[in-house]
Amino acid sequence: MKQDVAINLNGEIYTGRVELRTVLVDFIREVAGLTGIHVGCGFEGRCGSCTVILEGVAVKSCLMLAIQADGAKVLTPEGLARGGELHPLQTAFRDHHGLQCGFCTPGFLMTLYDYVKDIVARGEVPDEVQIRQAMAGVLCRCTGYVNIVAAVRQTIDRLNAMTPAERQKWFPL
Amino acid sequence: MYPKPIERYFAPSSVAETLALRASYPQAVFLAGGQSLLPLMKARRIAAQTLIDINGLRELTDIEVGTDVARVGALVRYRDAVEHPGLRMQANVLVDAALSVGDLQVRNRGTLVGSLCFGDLTGDIAPAAMALGAHVRIMSSTQGPRLVPVSSFKGEGLRRDEIVTHLEFRITQGRPAGAYIKYGRVAQDRAIVSAAVHLVLGASNCIEQAAIVIGGVAPGPMFARSASQELIGRVFGTETHSAVAAAASVEIVTQDDAMASAIYRKQLIFLAVQRALQRSHVTRGGV
Ligand SMILES: Cc1cc2nc3c(=O)[nH]c(=O)nc-3n(C[C@H](O)[C@H](O)[C@H](O)COP(=O)(O)OP(=O)(O)OC[C@H]3O[C@@H](n4cnc5c(N)ncnc54)[C@H](O)[C@@H]3O)c2cc1C
Ligand code: FES
Ligand code: FES
């Protein structure tokens, strides 16, 4: 069975007539052509490379059907930069060399988007163990995570130094 | 891998509508957080020709902590539970268990009730819910609601016209304390062994009720009754954690499987119970 699906991806509506069994990650990559997120597992939903922000929270887009996101607002890595300026998370990953092959990076960016938004809103400063726990849903087979933790720290510091309005701009969802 | 073709997809917005759909399509599969269902559909271990997506049931998204009963709706996600201070006050064991599930993304989607319906041996919610003496509330299109203790509930036992609407437990007089500790192969993994502890304290911090449940063991989570008995009547803070933990490790029968040996599980039971008791103190601010 096919059905029409319309999803707001990074502020733009994408539509397509897809099989009911189409998973969200395939709609995003193949129908909308946004290949920023990746697919790293067969069926188990462990690697986290497909993570997107759905209505404000990080979810694995390989564990949802596209039809479930019909009418929803979704953010992918393509939507992180604003007006040509990289998102504080992206800047931090570059500054700290938080990636090697880069396959996992989109999953980290989207998962950490949810995490840092929450942490900064609560005014908490997490320790290394807490940061590593927050990233448990994304696997990196290259970096060993050390530089990623450093990037998260920098992001939280930079966000804390901003006014609430400046910060808001980086979290549209 | 990809799910088998899906013929029909429904997204009802009320329980009544859901039950009516279920009556018309007895083979239909409910889709909650999808964190167990989607992997199984993709592995083709489940074929869902008719899917009823219950994520639109707004009436089941609340956590209500009343004076004598607490109810967790079927669409409460792990994250909602973790962020609910009232639930933490009454049932720290359940909040700990929710926080120990998978990862941030899984906790954003997966539901506590979905975990109970799925009935996985290594699930974290069942042991915690059992320690609380919790029930699942089941609605059907033809009969009134029924309550089934989590300890005897198996997802497969649901009739074709039924849906689980809530997880609920009684709030007892006295002050609650509790914690959940699990051991997996790596941090945040499925449980090889877990321990759920729930205590009710009376006057002068005397332990009036105690429940210890061990997870990760076959054929399902088990009450450690003699270990719990060791705690009754003691003053919270003076009980001997190692004696209680040893009792649990002796009484629970463990299994050998691909994850761990039976003997290793026994050792983990000791550690998990000990740590869960210690953590029950920490989360109560050391009363
Ligand atoms: C990467 C990963 C890691 C995980 N790690 C853990 C872990 O550490 N610990 C753990 O406990 N779990 C873990 N899980 C599983 C997770 O807890 C699931 O969320 C949970 O098992 C199912 O809940 P759900 O809401 O996603 O249900 P679904 O997957 O949507 O449904 C599961 C089953 O229950 C049925 N069902 C759901 N809701 C109802 C209802 N209200 N009435 C009747 N039937 C219903 C469905 O039809 C289906 O058969 C993990 C999952 C993933 C993908
Ligand atoms: S593709 Fe690996 S978690 Fe989604
Ligand atoms: S940088 Fe290669 S997997 Fe993370």
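Residues numbered from 1 in each chain as written. Chains lettered and ligands numbered in written order. Predicted model: local features only at pLDDT ≥ 70, side-chain atom pairs only at ≥ 80, totals over all residues. Heavy atoms only, no water.

**A few points about the overall build of chain A**
Within chain A one finds six helices and five strands. Taken from N to C terminus, the helices and strands of chain A fall in the order β-β-α-β-β-β-α-α-α-α-α. Relative to the 2.2 N^0.38 estimate, which gives 16 Å for 173 residues, the radius of gyration of chain A is 16 Å and therefore close to what a compact globule would have. The dimensions of chain A, computed from C-alpha atoms along their principal axes, are 50 × 35 × 25 Å. (Helix = DSSP H or I, 4+ residues; strand = E, 2+ residues; numbered from the N terminus. Rg over C-alpha atoms; globule rule 2.2 N^0.38 Å.)

**Points about the overall build of chain B**
The helix and strand inventory of chain B stands at eleven helices and twelve strands. In summary, chain B has a C-alpha radius of gyration of 19 Å against a globular reference of 19 Å for 287 residues, a match within 12%. Across its three principal axes, chain B shows a C-alpha extent of roughly 60 × 45 × 30 Å. Residues classed as buried in chain B amount to 56% of the 287 residues present. Across chain B, contacts joining residues at least 24 apart in sequence account for 62% of those joining residues at least 6 apart. Within chain B, the 24 negative side-chain charges are centred at a point lying 3 Å from the centre of the 30 positive side-chain charges. (Buried < 20%, exposed > 50% of the residue type's maximum accessible area, 1.4 Å probe, protein only. Contact = heavy atoms within 4.5 Å. Lys, Arg positive; Asp, Glu negative; His and termini not counted. Charge placed at Lys NZ, Arg CZ, Asp CG, Glu CD.)

**Describing the packing of aromatic side chains**
As enumerated under the stated definition, the model contains three aromatic pairs over all chains in all. For R22(B), the ring lying beneath its charged end belongs to F30(B), and the centroid distance is 4.6 Å. (Phe/Tyr/Trp six-rings, centres within 6.5 Å; stacked < 30°, edge-to-face > 60°. Lys NZ or Arg CZ within 6 Å of the ring centre and 35° of its normal.)

**Re the side chain of E168(B)**
Looking at the secondary structure, you find E168(B) in strand β8 (residues 162-170). Setting aside chain neighbours within four positions, we find E168(B) in contact with V69(B), A70(B), R71(B), A134(B), H135(B), R137(B) and L147(B).

**Notes on the site of ligand 1**
Neighbouring ligand 1 are 36 residues; F30(B), S36(B), Y78(B), T111(B) and D124(B) lie closest to it. Nearby residues around ligand 1 are contributed by chains A and B. One of the backbone N or O atoms of F30(B) is found 2.6 Å from an oxygen atom in ligand 1. Take A32(B): an N or O atom from its main chain is 2.8 Å from an oxygen atom of ligand 1. Sorting the residues of the shell around ligand 1 by element identifies β2 (29-31), α7 (112-118) and β8 of chain B as the ones contributing at least two each. In terms of residue count, the dominant contributor to the shell around ligand 1 is α7(B) (five residues). Residue composition of the shell around ligand 1, by class: 17 nonpolar, twelve polar and seven charged. (Near = heavy atom within 4 Å. Polar contact = N/O pair within 3.5 Å; in protein donor to acceptor, adjacent residues only side chain to side chain. Nonpolar A, V, L, I, M, F, W, Y, C, P; charged D, E, K, R; others polar.)

**What to know about the layout of surface pockets**
Of the pockets and cavities examined, the second largest pocket occupies roughly 1100 Å³. In terms of lining residues, the second largest pocket is bounded by 31 residues, among which Q133(A), L99(B), S100(B), R107(B) and Q188(B) are the most central. (1 Å grid on protein atoms, 1.4 Å probe; cavity = no way out; pocket = protein on both sides within 12 Å on 5 of 7 lines; lining within 4 Å. Points joined across faces, edges and corners; volume = space filled by probe spheres on them.)

**Topic: the domain arrangement of chain A**
Residues and elements named next belong to chain A. Taken domain by domain, chain A consists of domain 1 (2-79) and domain 2 (88-168). The C-alpha centroid of domain 2 is placed 22 Å from the C-alpha centroid of domain 1. With both chains or domains summed, domain 1 and domain 2 bury close to 1200 Å², and 63% of this area falls on carbon and sulfur atoms. Summed over the shared surface of domain 1 and domain 2, the number is zero salt bridges. (Domains from an automatic or database assignment. Buried area = accessible area lost by both parts, 1.4 Å probe. Salt bridge = Lys/Arg side-chain N within 4 Å of Asp/Glu carboxyl O.)

**A look at the sheet that holds strand β11 (residues 207-215) of chain B**
Residues and elements named next belong to chain B. Strand order in the open sheet formed by four strands is β9-β10-β11-β12, and the pairing between neighbours is antiparallel. Among the strands making up the open sheet, the edge pair consists of β9 (175-183) and β12 (222-223). Sheet analysis places β11 next to β12, joined by two bridges and oriented antiparallel. In the sheet register, V213 faces β12, and the bridge partner there is F223. Strands β9 and β10 (193-201) of the sheet are contacted by helix α5 (residues 92-99), whose axis makes an angle of about 25° with β9. Packing of helix α11 (residues 262-283) onto the sheet brings it into contact with β9, β10 and β11, and relative to β9 it is tilted by some 145°. (Pairing = 2+ DSSP bridges. Axes fitted to C-alpha atoms, helices over the stretch in contact; angles between N-to-C directions.)

**Notes on the environment of A211(B)**
If you trace the backbone, A211(B) turns up in strand β11. Ignoring any residue separated from it by four or fewer positions in sequence, one finds A211(B) in contact with A131(B), A196(B), V197(B), H198(B) and S228(B).

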